[in-house]
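The chain contents come next:
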Amino acid sequence: MSDQGGPRTTSGIDIQRLYGPAGAETSDPGEPGQWPFTRGVYRDMYRGRAWTMRQYAGFGTSEETNDRFRYLLNSGQTGLSVAFDLPTQMGLDSDDPRAEGEVGRVGVAIDTLEDVERLFANIPLDQVSTSMTINATAGILLAMYVAVADGRGVERMSLSGTVQNDILKEFISRGTYIYPVEPSLRLVTDIFAFCSEKLPRWNSISISGYHMREAGATAAQEIAFTLANGREYVRRALARGLEVDQFAPRLSFFFAAHNHLFEEVAKFRAARRLWARMMREEFQGSDRSCRLRFHTQTGGSTLTAQQPLNNVVRVAVQALAGVLGGTQSLHTNSFDEAFALPGAEAARLALRTQQVLAEESGVRDTVDPLGGSYYVESLTDQVEELARGFLEKIEELGGAAAAIPFMTDEIHRSAYAWQLEVESRERSVVGVNIYEDEELPAPVSLPDFTNLQQTQRTRLDAVRSRRDSDLVERMLDDVAEAATGGANLLPAMIEAVKVRATLGEISGRLVRLWGPYRSV
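Please read all numbers here as calculations on a predicted model, not as lab measurements.

For His258, the location among the structural elements is in the loop between β7 (251–257) and α10 (261–283). Here His258 falls in the buried class, since its relative accessible area comes to 9%. Of note is the side chain of His258, whose polar atom sits 3.4 Å from the side chain of Glu214. If we ignore the near neighbours within four places in the chain, the residues touching His258 are Arg213, Glu214, Glu264, Gly299, Ser301, Thr302 and Gln318.

What follows is about the environment of Glu392. Structurally, Glu392 is set in helix α14 (residues 374–396). Sequence separation between Glu392 and Ala224 is 168 residues; the distance between their C-alpha atoms is 9.5 Å.

What follows is about the packing of aromatic side chains. Evaluation of the coordinates by the stated rule reveals 19 aromatic pairs. Pairing Phe69 with Phe120 gives two aromatic rings, centres 6.2 Å apart and planes at 20°, and the pair type is stacked. Linking Phe69 in helix α1 (residues 62–74) with Phe120 in the loop between α3 (113–119) and β3 (129–133), this pair joins segments that are 51 residues apart in sequence. Taken together, a centroid distance of 4.7 Å and an interplanar angle of 75° make the contact between Tyr177 and Tyr517 edge-to-face. Remark: Tyr517 occurs in the segment after α19 (503–514) and Tyr177 occurs in the loop between α5 (168–174) and α6 (181–198); sequence separation between them is 340 residues. Tyr177 gets classed as partly exposed once you look at its relative accessible area, which sits at 23%. Site record: aromatic cluster; members linked through ring pairs are Phe253, Phe255, Phe268, Trp275 and Phe294.

Moving on: the packing of α10 against α14. It is at 8 Å that the axes of α10 and α14 come closest, and there the two elements cross at 55°. Relative to α14, the element α10 is oriented oblique. The handedness of the crossing between α10 and α14 comes out as right-handed. Only Tyr375, Val376, Glu377, Leu379, Thr380, Asp381, Val383, Glu384, Ala387, Arg388 and Leu391 of α14 make contact with α10, whose side of the interface consists of Phe262, Glu263, Val265, Ala266, Lys267, Arg269, Ala270, Arg273, Leu274, Arg277 and Met278. A per-class count over the contact of α10 with α14 returns 12 nonpolar, 1 polar and 9 charged.

So, how was this worked out
Residues numbered from 1 in each chain as written. Predicted model: local features only at pLDDT ≥ 70, side-chain atom pairs only at ≥ 80, totals over all residues. Heavy atoms only, no water. Helix = DSSP H or I, 4+ residues; strand = E, 2+ residues; numbered from the N terminus. Buried < 20%, exposed > 50% of the residue type's maximum accessible area, 1.4 Å probe, protein only. Polar contact = N/O pair within 3.5 Å; in protein donor to acceptor, adjacent residues only side chain to side chain. Contact = heavy atoms within 4.5 Å. Phe/Tyr/Trp six-rings, centres within 6.5 Å; stacked < 30°, edge-to-face > 60°. Axes fitted to C-alpha atoms, helices over the stretch in contact; angles between N-to-C directions. Parallel < 35°, antiparallel > 145°, perpendicular 65-115°, else oblique. Left-handed = near helix turned anticlockwise from the far one by under 90°. Nonpolar A, V, L, I, M, F, W, Y, C, P; charged D, E, K, R; others polar.

As structure tokens, this is what we get:
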């Protein structure tokens, strides 16, 4: 609630009793498909085809995850999205002592090229779009994906998908970083350069506000901090010698969709307008470079373990916000994800939620159906104004890389304020602080992670025992030479994984050169 006692959005915008033309008179919504793209990045949006339905999945072993992928594809999913376990994200092999107890717990464990071959068994890589949520080790996982395609005779030019590759938000809010900031950013631009030349259909980064929102950012902070990171990546790529229109059209973004339906729609519209103006005014980008294309995932932090079936409704509202806001692809969380990896039936229901929206609700019939709403246009302006204030502050601090502590602190403040509001019942959460029931916790069925970890380690031992160790060492030397000599690391990484160098060995060699990141 606001200081005046009325409702307000997550960003602190006071909501009026009624909106009229005066509240939206500064808006310039324009036309869909035209700069500044407030109303959508394509002229016809979903009238031609629906958004990509991309469900996130990763379960311990490659075989289990492959089973889920094929299940979802057979259920009508149109794109794959891979979740990796924490050791994989942190550059650790499954037999590293630091991986103990974490192998396969929050996603699929990947150590060698053979794991990736099993992960995509019987899936045509030239016919699906694959998104990989991976950051510090993004180059290694992309190298493995390319190596699998090479081994099958699939043309690299035909591969489509996204590698998250957004290391700044890891320093700000998520924590799966490995190397210091500067070499980490160098790896990001290596992937930009490699994709622009070799993988023209691949999105070389997914600049992610989602994780900052999950950590507690407001809607306005989410888009401001995300676009600030995007600005930093563009500057780094230009300094690398790339032309803006050579890489910017393949930049993509990743946002959360939370429960305040109208603020979320306004947030997506404001983000497109801000990015379009930034790319045109600061970097002289073409219209293709000014289009902010984004993936949306419904809010994991909004799911409740109490009365978990309520999450079905939350996910539907959030998915509707993403669609009304003009997302290019969408993941809908399963209702059981507050306490376990999603079950097959829960995952199918989450996918069916998207399909009902696409086929039965009428949201695809016209472009930007909320455009022109006095309320939505006013909110779009106000969210944009708040976000612009944060962007200006970040620029005063020297840009996103220099402003990491500022953004982290702002997110902490917002998260704390939100929690206080929930605990004081100023903010309502159904089943948690209102309409509570006396109920037993839902039973959770967990895999045998101990056995899973041992299986992965046994496979890793088998790969090491039959590979040519001298050849592996030479390929790792080539990776180190590229890292120190300034050459693009991706070609050396691809050759290294083909001879069965492990993810941990490649990452470890880079740590020896660059050192680990130490937070300030």
